[in-house]
Protein chains: 2
Amino acid sequence: MSTPTSSILYHIDHVGIVVRNLDDALKTYVELMGMRLLERQVAPDHGVEIAFVDAGNSTLELLAPTDPASGTARFLENRGEGTHHVCFVVEDIEAALAHLRAQGLRLIDETPRMGIHGLVAFVHPKATHGVMIELLQRVTH
Amino acid sequence: MSTPTSSILYHIDHVGIVVRNLDDALKTYVELMGMRLLERQVAPDHGVEIAFVDAGNSTLELLAPTDPASGTARFLENRGEGTHHVCFVVEDIEAALAHLRAQGLRLIDETPRMGIHGLVAFVHPKATHGVMIELLQRVTH
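As the structure is a prediction and not an experimental result, all values here were calculated from the model.

J.: So what exactly am I meant to see when it comes to the relation of the copies chain B and chain A here?
T.: The second copy of the chain is related to the first by a rotation about an axis and a shift along the axis. If you rotate chain B by 180° and push it 0.0 Å along the axis, it lands on chain A with an RMSD of 0.0 Å. A rotation of that kind, with that shift, is consistent with a two-fold axis. Comparing interface residues between copies, 100% of those in chain B also sit at the interface in chain A, which points to an isologous, same-surface contact.

Take a look at the structure:
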């Protein structure tokens, strides 16, 4: 068998939204819309400032570039503010990547790397009809 | 009081993804990625063909235009395939719209209209940093 038969259990961890200014975005999502701020941090390694707000069964990740050379900054320049990615939590990110690779799906990250909340890898949006999909295996610090 | 003090309980119902061809998209999301197909239907009133796939705690709504004059077809022409909207289920859509309107957020739908799964209304993406937000109050048939 060249393709794994086990299936991946997908669960939406968050929807990532690129914004120009994090304070402005938090004003909209928290103050005006009434969502609860869960976490805010600067992630210099990723060239972004990040906030998570509660979306009931999931969260929204608001990302504002702090480094003009970051992918987030390029996205903002090319597409403007808006939805950037959908992140699915998986139990075993290595197995999930092996499964997707065996199915011929193009990956951005062939091996997982450390993200904010655990091991992450991105699938190429050309493989998934324009949606940037992030896989996350949560790692407890 | 001009603004309601009660807060809206948000819960992600689905992430809407515009695709060119529904069969091709289902091949990717169901056959290759291993998500489960929950529902598929043609919605002539909306000029789209729709499928919902299971995303664990939520769903993905794949939308392919059947009418070249539909909003979905225009989105596809202007932006290509990709994430189109994020839908939040709310308990009382009239109250939610009143709350958002009182906060000065620009709405696409001032009053709810009947969608596939209940009463729906869209918030203008210019109000929410480029994200097209759909509110849904589920109505049991």
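There is more to say, and it comes next.
J.: Whenever I open this one, the sheet that holds strand E2 (residues 37–43) of chain A confuses me. Can you help?
T.: Strands in a sheet are paired, the pairing made by backbone hydrogen bonds, and the direction either parallel or antiparallel. Residue and element names in this part refer to chain A. Pairing is mixed across the open sheet formed by eight strands, whose spatial order is E2-E3-E4-E1-E5-E8-E7-E6. Strands with a single pairing partner mark the edges of an open sheet, and in this sheet they are E2 and strand E6 (113–114). Note: strand E3 (residues 48–54) against strand E4 (residues 59–65), seven bridges, orientation antiparallel. What sits directly across from Asp54, in E4, is Thr59. Contacts from helix H3 (residues 93–102) reach strand E7 (118–123) and strand E8 (133–138), with the element oriented near 150° to E8.

J.: Would you explain the sheet that holds strand E5 (residues 82–89) of chain B in this entry?
T.: Residue and element names in this part refer to chain B. Read from one edge of the open sheet, eight strands run E2-E3-E4-E1-E5-E8-E7-E6, paired in mixed fashion. Bordering the open sheet on either side are strand E2 (37–43) and strand E6 (113–114), each of which pairs with just one other strand. Of the pairings in the sheet, the one linking E2 to strand E3 (residues 48–54) comprises six bridges and is antiparallel in character. Its bridge partner being in E3, Ala43 is matched across the sheet by Val48. Its contacts with the sheet put helix H3 (residues 93–102) on strand E7 (118–123) and strand E8 (133–138), and the angle it makes with E8 is roughly 150°.

J.: When you look at the pairing of E4 of chain A in this model, what are you seeing that I'm missing?
T.: Successive residues of a regular strand alternate their side chains across the two faces of the sheet. All names here are of chain A. Burial analysis of E4 places six of its seven residues in the buried class, the great majority of the element. Relative to E4, strand E1 (residues 11–18) runs parallel, the two sharing five bridges. The residue bridging Gly16 from the neighbouring strand is Glu61, located in E4. Following E3, the chain reverses through four residues before pairing antiparallel with E4; Gly56 in that reversal takes a positive phi of roughly 80°.

About the criteria used
Residues numbered from 1 in each chain as written. Chains lettered and ligands numbered in written order. Predicted model: local features only at pLDDT ≥ 70, side-chain atom pairs only at ≥ 80, totals over all residues. Heavy atoms only, no water. Least-squares fit on C-alpha atoms with pLDDT ≥ 70 in both. Contact = heavy atoms within 4.5 Å. Pairing = 2+ DSSP bridges. Helix = DSSP H or I, 4+ residues; strand = E, 2+ residues; numbered from the N terminus. Axes fitted to C-alpha atoms, helices over the stretch in contact; angles between N-to-C directions. Buried < 20%, exposed > 50% of the residue type's maximum accessible area, 1.4 Å probe, protein only.

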